[in-house]
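Here are the chains, one letter per residue:
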Amino acid sequence: MKMLSVVTAGVVSACLVVAPASDASAQRHWNKKAKCEQTDPEGRAIPTRYGNGDLGWNHFSGKHNIKRCRVVDAALAGKVDKKSGGRLEYDGVARNRTKLVSIVVIVQYARRTADGEYDAGKGNKIGVITAYCKGMNKCPNWINE
């Protein structure tokens, strides 16, 4: 909440600025267009959508420095390592000669995110939520070569 005060000729009036109550059914804006798609060994077609700053390609390509579909697709080509409802986690490894880094890809294989803020639309799946290098904030640049 933000309080604004106006003082004019000895008269004090206060205005309280309040944001409208959020509608629980309101969906957050995100780009549903798929940048890439991979099918896992169990036949799940998993899109990597452009998304926004919170999920999808626009989230992890900047924040975690993964800028190639092949990095995400390589992890998705393996088996699911952890499963909890619609949330799937895939582990992969990126290698450059003697350098190795573990990649984690988180997928929401459902129409909506668990918090209900995002909806992929009827018949669609959210897809890749995020991808990152395990144990570091940003992946090394060499994984994008």
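Residues numbered from 1 in each chain as written. Predicted model: local features only at pLDDT ≥ 70, side-chain atom pairs only at ≥ 80, totals over all residues. Heavy atoms only, no water.

Asks: Lay out the side chain of Asp 73 with the relevant residues and their values.
Replies: Its place among the elements puts Asp 73 in helix H2 (residues 69–76). Buried charge without a partner: Asp 73 forms no salt bridge, and the closest opposite charge is Arg 70, 9.2 Å away. Residues within four places of Asp 73 in sequence aside, it is in contact with Cys 36, Glu 37 and Gln 38. (Helix = DSSP H or I, 4+ residues; strand = E, 2+ residues; numbered from the N terminus. Buried < 20%, exposed > 50% of the residue type's maximum accessible area, 1.4 Å probe, protein only. Lys, Arg positive; Asp, Glu negative; His and termini not counted. Salt bridge = Lys/Arg side-chain N within 4 Å of Asp/Glu carboxyl O. Contact = heavy atoms within 4.5 Å.)

Asks: If you had to explain the pattern of salt bridges to someone new, which residues and values would you point to?
Replies: The tally for this structure, following the rule as stated, stands at seven salt bridges. Close ionic contact of Glu 89 with Lys 82 constitutes a salt bridge, the shortest N to O distance being 3.8 Å. When its relative accessible area of 10% is taken as the criterion, Glu 89 is described as buried. When salt bridges with common partners are traced through the structure, they connect Asp 40, Glu 42 and Arg 44 into a single cluster.

Asks: I'd like to hear about the side chain of Gln 108, residue by residue, with values.
Replies: Along the chain, Gln 108 falls in strand E7 (residues 99–108). Not counting residues within four places of it along the chain, the set of residues in contact with Gln 108 comprises Gly 86, Arg 87, Thr 113, Ala 114, Lys 125, Ile 126, Gly 127 and Ile 129.

Asks: Could you give an account of the packing of aromatic side chains, with specific residues and numbers?
Replies: By the definition in use, this model includes two aromatic pairs. Between the aromatic rings of Trp 30 and Tyr 118, the centroid separation amounts to 5.7 Å while the plane-to-plane angle is 80 degrees, which identifies the pairing as edge-to-face. Note that Trp 30 is positioned in the loop between strand E2 (11–17) and strand E3 (31–39) and Tyr 118 in the loop between E7 and strand E8 (127–133), a separation of 88 residues in sequence. A residue is classified by how much of its surface remains accessible, and Trp 30, at 7% relative accessible area, is buried. On the basis of an interplanar angle of 70 degrees and a centroid distance of 5.3 Å, the ring pair of Trp 57 and Phe 60 is categorised as edge-to-face. Of this pair, Trp 57 and Phe 60 both sit in helix H1 (residues 57–63), three residues apart, which is roughly one turn of the helix. Here Trp 57 falls in the buried class, since its relative accessible area comes to 8%. (Phe/Tyr/Trp six-rings, centres within 6.5 Å; stacked < 30°, edge-to-face > 60°.)

Asks: Can you lay out H2 for me, pointing to particular residues and giving the numbers?
Replies: Because each turn of an α-helix spans 3.6 residues, side chains separated by three or four positions end up pointing in the same direction. The buried fraction of H2 is high, at six of eight residues. Of all the positions in H2, only Cys 69, Val 71, Val 72, Asp 73, Ala 75 and Leu 76 are classed as buried. Packed against the buried residues of H2 are E3, strand E4 (45–51), H1, strand E6 (87–96), E7 and E8.

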